[in-house]
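Analysis of the macromolecular model
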Amino acid sequence: MATGNYFSWCKETEAAFLEVTDTTEIMRLLAQHTLDLGLNFYALYIRHPVPFTRPKIFVFSNYPERWVRKWQEENFSEVDPIIRYCQVPGTLLLWNDPVVKEGRKVFDAAKEFGIRSGFSCSRIASNRVVGILSMASGKSFEKTALCAEKQLKLQFLSDRILDALQRVKDRSLSVMTIPLSQREREILKWTAEGKTAAEISLILSISTHTVNFHQKNMQRKFNAPNKTQVASYAAAIGLL
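The sections below set out a description of the structure shown in this document.

Calculation criteria
Residues numbered from 1 in each chain as written. Predicted model: local features only at pLDDT ≥ 70, side-chain atom pairs only at ≥ 80, totals over all residues. Heavy atoms only, no water. Axes fitted to C-alpha atoms, helices over the stretch in contact; angles between N-to-C directions. Helix = DSSP H or I, 4+ residues; strand = E, 2+ residues; numbered from the N terminus. Parallel < 35°, antiparallel > 145°, perpendicular 65-115°, else oblique. Left-handed = near helix turned anticlockwise from the far one by under 90°. Contact = heavy atoms within 4.5 Å. Nonpolar A, V, L, I, M, F, W, Y, C, P; charged D, E, K, R; others polar. Pairing = 2+ DSSP bridges. Polar contact = N/O pair within 3.5 Å; in protein donor to acceptor, adjacent residues only side chain to side chain. Salt bridge = Lys/Arg side-chain N within 4 Å of Asp/Glu carboxyl O. Buried < 20%, exposed > 50% of the residue type's maximum accessible area, 1.4 Å probe, protein only.

Bringing the packing of helix α8 (residues 197–204) against helix α9 (residues 208–222) into the picture now. To characterise two packed helices, one gives the angle between the axes of the helices and the distance between these axes. Packing of α8 against α9 brings their axes to within 8 Å, and their N-to-C directions diverge by 110°. For the element pair α8 / α9, the angle class is roughly perpendicular. Relative to α9, the crossing made by α8 is right-handed. In contact with Ala197, Ala198, Ile200 and Ser201 of α8, α9 contributes Thr208, Val211, Asn212 and Gln215. For the contact of α8 with α9, a count of residues per class yields four nonpolar, four polar and no charged.

Below you can see the structure in the form of structure tokens.
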């Protein structure tokens, strides 16, 4: 495992993740890094950008199975402060931060299963998938040195893990791919700007019928009921 200062650790860690060939190896490497940082548990929560109301969600963790079952049975995902506050990429959350007060009952319940302190961060993959990586300990905050370097390492690990999952083509990082022609992309861009079919036809020097044809075709590709949702989905997955 990586040794030395932070920068040499980053270099060795990146090299290690580039060598993995499947998801099992990625999680094994994550588990080892968790222990090396003086923590016991990890959890990786992955959320897809679309659909907006019921996005695909994947979870990897080595939490006690009884805690995972309780978390699911109690529907803690609705009040878990980690999920609530870490949806925005780039967020770093220490579990004893005053901001988690409203979701305190989740952390209190976790203590029954030996989970007493931790921290989380969220990052975004190149395909707009958001990953929230948490690491936790059975020790109290007073006995766990959640120092600035550990927090930086958590953020670095999050990026490397998302990159690795995408590289090995794990389904958790596989988002919808919509092939669009150059003309469709042009029409989509102006649709997102709020232009009507008539206005787009003038801008692109094509008929309104052609604009409507391409918009309907994109609705079928996105399985969307209207052109507004097409533009929203396209923006969410990085096509705009």
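What follows concerns the sheet that holds strand β5 (residues 130–137). An order of β2-β1-β5-β4-β3 is seen for the five strands of this open sheet, with the pairing classed as antiparallel. A strand with exactly one partner marks an edge of an open sheet, and here the two such strands are β2 (57–61) and β3 (92–94). Averaged over all pairs of adjacent strands, the angle between their axes in this sheet comes to 15°, without regard to strand direction. Where β3 and strand β4 (residues 117–124) come together, three bridges link them in antiparallel fashion. Following the sheet pairing, leucine 92 is matched in β4 by cysteine 121. Along the sheet face, helix α2 (residues 23–36) touches β1 (41–47), β2 and β5 and points at about 135° away from the line of β1. In the packing of helix α6 (residues 148–167) onto the sheet, the strands contacted are β1, β3, β4 and β5, and the crossing angle to β4 comes to about 45°.

On to the side chain of arginine 160, then. Structurally, the position occupied by arginine 160 is in helix α6. A polar contact of 3.1 Å, which involves the side chain of arginine 160, links it to the side chain of aspartate 163. The residues contacting arginine 160, other than those within four sequence positions of it, are Glu14 and Phe17.

This next bit is on the pattern of salt bridges. Scanning the entire structure with this criterion turns up eight salt bridges. The residue glutamate 184 makes a salt bridge to lysine 221 at a minimum N-O spacing of 2.8 Å. Of this pair, glutamate 184 sits in helix α7 (residues 182–192) while lysine 221 sits in helix α9, and the two are 37 residues apart along the sequence. With a relative accessible area of 2%, glutamate 184 lands in the buried category. The class for lysine 221 is partly exposed, based on a relative accessible area of 33%. Three or more residues joined by partner-sharing salt bridges are found here, namely Arg104, Asp108 and Lys111.

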